[in-house]
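Survey of secondary and tertiary structure
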Amino acid sequence: MPGVRVPDAPGAGVPPAPGRDGRLVGRSVPRREDPRLLTGRGRFVDDIALPGMLHAQFVRSTVAHGVIEAIDLTAVHDVPGVVAAFTAEDLALGDIIAQLERPEPEFVATAMPVLARDRVRYVGEPVAIVIARDAYAAEDGLEAARVSYAVRPPVTSAAAALAAGAPLVHAEAAHNTLVDVSLCATDGIDEVFAAADRVVRVDTRTGRQNALPLETRGAVAHWDDREEQLVVQTCTQVPHQVRTVASRCLRLAERAVRVVVPDMGGGFGQKSVVGREEIATAAAALRLRRPVKWIEDRKDALSASFLAREQHYDVRAAFDADGRILGIDADVVCDMGAYSCYPFTAGIEPLMASAELPGVYKVPAYRVRGRAVATNKAPTAPYRGVSRPQYVMVVERLFERAARELGLDPVEIRRRNVITDFPYTGVNGITYDPGSYLESLDLCARTLRDEGWYERRTAADGAGRHLGIGYACFSERTGYGSAAFAQRRMAVVPGFDISEVRMDTSGAVTVTTGTMSHGQSHETTMAQIVADELGLDIGGVRLHQGDTDRITYGWGTFASRSITVGGSAVRLAAGKLGEKLRRIAADRWGIPWEETALGRGRVHHRGDPAVTIGYPELADIAYLRAHLLPKDIEPGLTATATFDVFNDGTFSNATHGVVVELDEGTGRVEILRYVCVEDCGVAINPQVVEGQCRGGIAQGIAGALFEQVTYDAQGEPSATSFLDYKVPTAHEIPEVTIHHLETPCAFSATGAKGAGEGGTIGAPAAVLNAVNDALRATGVELDRTPLTPETVHRALRGLPEPAA
């Protein structure tokens, strides 16, 4: 039930460091990263300076689709400061190929060359790399490059790509379709729709977006003669996957590649895939035997980096007369750009949507077709939420439309349909662990009612103003283990995590994790887990992450997995080390180890509280006087643990409630109130969870109202600076009230569920529903994002959305 705590670890009877219930977990411990980062002492990729370092930039395609006729770099070599310039032919690298183990036409594999060879498939595709003594000379070298193309007609939308006779982005992908999968076709679903009292349809489209991390992508690579290693320092969420791809493309043993991640200024999923530029930079450093740095500029980041979100849903839902849902029939089309991303493939968006679209509702019948379509645009990577903002939006629009047609309250129709009995196995074959779906909905709606917003809406109607209230109720699968990813039939199956906890002779602890923080406070939250498990002060714990030579293996950070999976491995490893400490102490005292406990940096005798031994003394025995160890205990104080989730994962949940007002003169949407009720299980650090919620909500609002990457008919991106790509400021993002519920997770060792993406998932649907509520007198409903002022202004005058 919500509010239940997971059991304390062994040794809870001994006074540990102070925190909630005497523990650090659950307490808003100040972020340990902040003193370094806020005083300018962080170390990011662009801060790295090595002796003799060169700088790289990329010659990029100026056409969206064309055959490369010639690449002339002769004049590049004459530019002062330029050291070298390489094409694909010069570097002779292997291709990046992401695979699903599905037959055609369910999946079509396509190769992404590190540098384009014969053909270019989007504006900004890297064609050659220029190396110079400084970044300015490298930019000058780009101007001297001459590339000629035989231009081919581009396809710049999914609809155009699927049209009969459309030009093919890849010759091997018929109809420009990379993934085409039909799932969960319930027997008799057509009869369900035929017999329904009400069938509603929603056709939604979402704009293409950029994840827009504050720090753009970059890499510094050099050859280490002593270690005989190519060292790549890069801002990636997945260092071990970068190592794997680099070693294969460069045809090196994996041991000969080391990937190190310094501090990172955001990623949001864009850096959870392997980029071509970091591989090319590494290849240039290997070829020249000199350090090479590449830093992506903002223009390239906006136009040629991995993008996200552009999706089209055509969905019907059947309801009975009481507003209970009977079935959903969905067609999902995702514009994935020119290539499959590694390791997730182009299937990342449509497979996520197809499997999880029913969400928090009891849907008896379901049918879905999901397609990934190739277009002549920059490729798509996961972005915070990964299809869930889109499918939550369409499902929430279905319930809003059904409520309106059936004359029901929008909250009440949700209340009648949300899952309340757990565990619940849905029509999609997924089993949902306990959550607070109804509780979060009721608390969110009650908050807005108690604050008087419904009365204010009525008063606004009388004054000719346009006030609206909207909700979004959703879940977020976060504990994706190997089993969940294997269901997608990925050739590379992420899931598990490995952690090592090591204590030195002073009693201080170092912990490793295969996850990779890029703003999630891992140095704080992982230390909280270890400190509680070992009865230590948090200052005695240090985290190591992001170094493929120091971390056994890791899948990095994405899909809100860090605490659920990585934190579980950390806790289990710390528990093993704690048991070893207790066994050494018990041997010294001649008692069973179960009669000992940990707390305040010491092992305690449960039966005689006056008998204790400190960790430094135990470490002294383990390292410096190993002859005193019992025969079944090895020297040293290290422990390693792995963790994986072998069921369908775990589900965080939330309800978002939004109040908006529309400006009749300008079409501007002003958010007057935002309430979030979230449940991510045990909150390791509530302040960190709130930060994740607030940041995610800001990104969700950005997608709902502002951000969109657009293209002209020739495939040229038309939003390549912040003058054209509209990013909200603090002025447009409202204050957010967050209420926490806590349903501990039964499938993680910490009781925690993921919290990284929920804010982004719920915001677009809640904002869109609020805007439509504000438009209720006009008879117009909007189903596409972003909701531009022009679109809202038209709707206020009773004009529908323009045709797509």
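In the block above lies the structure referred to throughout.
Presented here is a report on the structure given in the accompanying data block. Bear in mind the structure is a predicted one, so any value in this text is a computation, not a measurement.

Across its full length, the protein carries 20 helices and 31 strands. A compact globule built from 804 residues would reach a C-alpha radius of gyration of about 28 Å, and the protein, at 28 Å, matches this within 12%. The burial tally for the protein puts 62% of its 804 residues in the buried class. Within the protein, counting contacts between residues at least 6 apart in sequence, those at least 24 apart form 79% of the total. Put simply, the protein shows about 28,600 Å² of open surface, and 51% of that area lies on carbon and sulfur atoms. Here the protein holds 84 positive side-chain charges and 103 negative ones, and the gap between their average locations is 2 Å.

Glancing now at the packing of helix α18 (residues 686-705) against helix α19 (residues 758-774). Two measures define how a pair of helices packs: the angle their axes make with one another and the distance between the axes. Look at α18 against α19: their axes get within 7 Å of each other, and the N-to-C directions meet at 40°. When the interaxial angle is binned, α18 and α19 end up oblique. Seen along the crossing, α18 lies across α19 with a hand that is right-handed. Counted together, Cys693, Gly696, Ile697, Gln699, Gly700, Ile701, Ala704 and Leu705 of α18 and Gly759, Thr760, Ala763, Pro764 and Val767 of α19 form the full contact between these two elements. Considering only residue class, the contact of α18 with α19 consists of eight nonpolar, five polar and no charged.

In this model helix α16 (residues 562-589) runs 39 Å from its N-terminal to its C-terminal C-alpha over 28 residues, within 8% of the 40 Å that 1.5 Å per residue would give. Among the 28 residues that make up α16, 20 are buried, leaving the element largely enclosed by the rest of the structure. Looking one or two residues beyond α16, the residue adopting positive phi is Gly590, at roughly 70°.

In this section: the sheet that holds strand β25 (residues 602-605). Strand order in this open sheet of three strands is β24-β25-β26, and the pairing throughout is antiparallel. Edge positions in the sheet fall to β24 (596-599) and β26 (608-614), since each of these pairs with one other strand and no more. When the angles between neighbouring strand axes are averaged without regard to direction, this sheet yields 30°. With four bridges connecting them, β24 and β25 associate as antiparallel partners. Paired with Gly599 across the bridge in β25 is Arg602.

Overall, the coordinates contain 59 salt bridges when judged by the stated rule. Across the pair Asp331 and Arg371 runs a salt bridge, and its minimum N-O distance is 3.0 Å. Of this pair, Asp331 sits in strand β16 (residues 325-335) while Arg371 sits in strand β17 (residues 365-373), and the two are 40 residues apart along the sequence. A relative accessible area of 22% places Asp331 in the partly exposed class. Assessed through its relative accessible area of 13%, Arg371 is described here as buried.

By definition, a disulfide links the sulfur atoms of two cysteines through a covalent bond. Applying the stated criterion across every chain, the model contains zero disulfides. Summary of cysteine pairing: Cys693 is not part of a disulfide, and the nearest cysteine sulfur, belonging to Cys676, is at 4.6 Å. Under the relative-accessibility criterion, Cys693 is labelled buried at 6%.

Pairing of strand β1 (residues 54-60) with strand β14 (residues 292-295), which is carried by three bridges, proceeds in the parallel orientation. Residue Leu54 lies in a different strand from β14, and its bridge partner there is Val292.

We now examine the sheet that holds strand β28 (residues 651-662). Overall, mixed pairing links the four strands, which are arranged β20-β28-β29-β30 in an open sheet. Each edge of the open sheet carries a strand with a single partner, namely β20 (466-477) and β30 (737-741). Within this sheet the neighbouring strands show an average axis-to-axis angle of 15°, counted without direction. With ten bridges joining them, β28 and strand β29 (residues 669-679) adopt antiparallel strand pairing. Bridging from a neighbouring strand, Thr655 pairs with Val677 of β29.

This next bit is on unusual backbone geometry. Between Glu104 and Pro105 the backbone carries a cis peptide bond, its omega angle lying at 5°. Following the sequence through the fold, Pro105 ends up in the loop between β4 (96-97) and β5 (111-112). Of note, the bond from Tyr342 into Pro343 is cis; its omega dihedral lies within 30 degrees of zero at 5°. Relative to the elements of secondary structure, Pro343 occurs in the loop between β16 and α9 (348-356). Even without being a glycine, Asn176 presents a positive backbone phi close to 55°. Topologically, Asn176 is positioned in the loop between α4 (158-162) and β9 (177-183). The exposure class of Asn176 is buried, given its relative accessible area of 0%. Positive phi outside glycine occurs at Cys184, with the angle close to 55°. Relative to the helices and strands, Cys184 is located in the loop between β9 and α5 (189-195). On the basis of relative accessibility, which here comes to 25%, the residue Cys184 falls in the partly exposed class.

This paragraph deals with the packing of aromatic side chains. Each aromatic ring pair is summarised here by two numbers: the centre-to-centre distance and the angle between the ring planes. Under the criterion given, the structure shown has 13 aromatic pairs. Through a chain of ring-to-ring contacts, the aromatic side chains of Phe344, Tyr480, Phe485 and Phe558 assemble into a single cluster. When the ring centre of Tyr339 is taken as origin, the NZ or CZ atom of Arg276, which lies over that ring, is 5.0 Å away. Positioned over the ring face of Phe193 is Arg316, at 4.2 Å from the centre of the ring.

As a packed pair, α16 and helix α17 (residues 615-624) sit with axes 10 Å apart at the nearest point and diverge in direction by 85°. When the axes of α16 and α17 are compared, the pair comes out roughly perpendicular. Mapping the contact onto sequence places Leu581, Ile584, Ala585 and Arg588 in α16 and Tyr615, Leu618, Ile621 and Ala622 in α17. Of the residues belonging to the contact of α16 with α17, the class tally is seven nonpolar, no polar and one charged.

Calculation criteria
- Residues numbered from 1 in each chain as written.
- Predicted model: local features only at pLDDT ≥ 70, side-chain atom pairs only at ≥ 80, totals over all residues.
- Heavy atoms only, no water.
- Helix = DSSP H or I, 4+ residues; strand = E, 2+ residues; numbered from the N terminus.
- Rg over C-alpha atoms; globule rule 2.2 N^0.38 Å.
- Buried < 20%, exposed > 50% of the residue type's maximum accessible area, 1.4 Å probe, protein only.
- Contact = heavy atoms within 4.5 Å.
- Areas by Shrake-Rupley, 256 points an atom, 1.4 Å probe, with all protein chains shown as cover.
- Lys, Arg positive; Asp, Glu negative; His and termini not counted.
- Charge placed at Lys NZ, Arg CZ, Asp CG, Glu CD.
- Axes fitted to C-alpha atoms, helices over the stretch in contact; angles between N-to-C directions.
- Parallel < 35°, antiparallel > 145°, perpendicular 65-115°, else oblique.
- Left-handed = near helix turned anticlockwise from the far one by under 90°.
- Nonpolar A, V, L, I, M, F, W, Y, C, P; charged D, E, K, R; others polar.
- Expected span 1.5 Å × (residues − 1).
- Pairing = 2+ DSSP bridges.
- Salt bridge = Lys/Arg side-chain N within 4 Å of Asp/Glu carboxyl O.
- Disulfide = S-S within 2.5 Å.
- Phe/Tyr/Trp six-rings, centres within 6.5 Å; stacked < 30°, edge-to-face > 60°.
- Lys NZ or Arg CZ within 6 Å of the ring centre and 35° of its normal.

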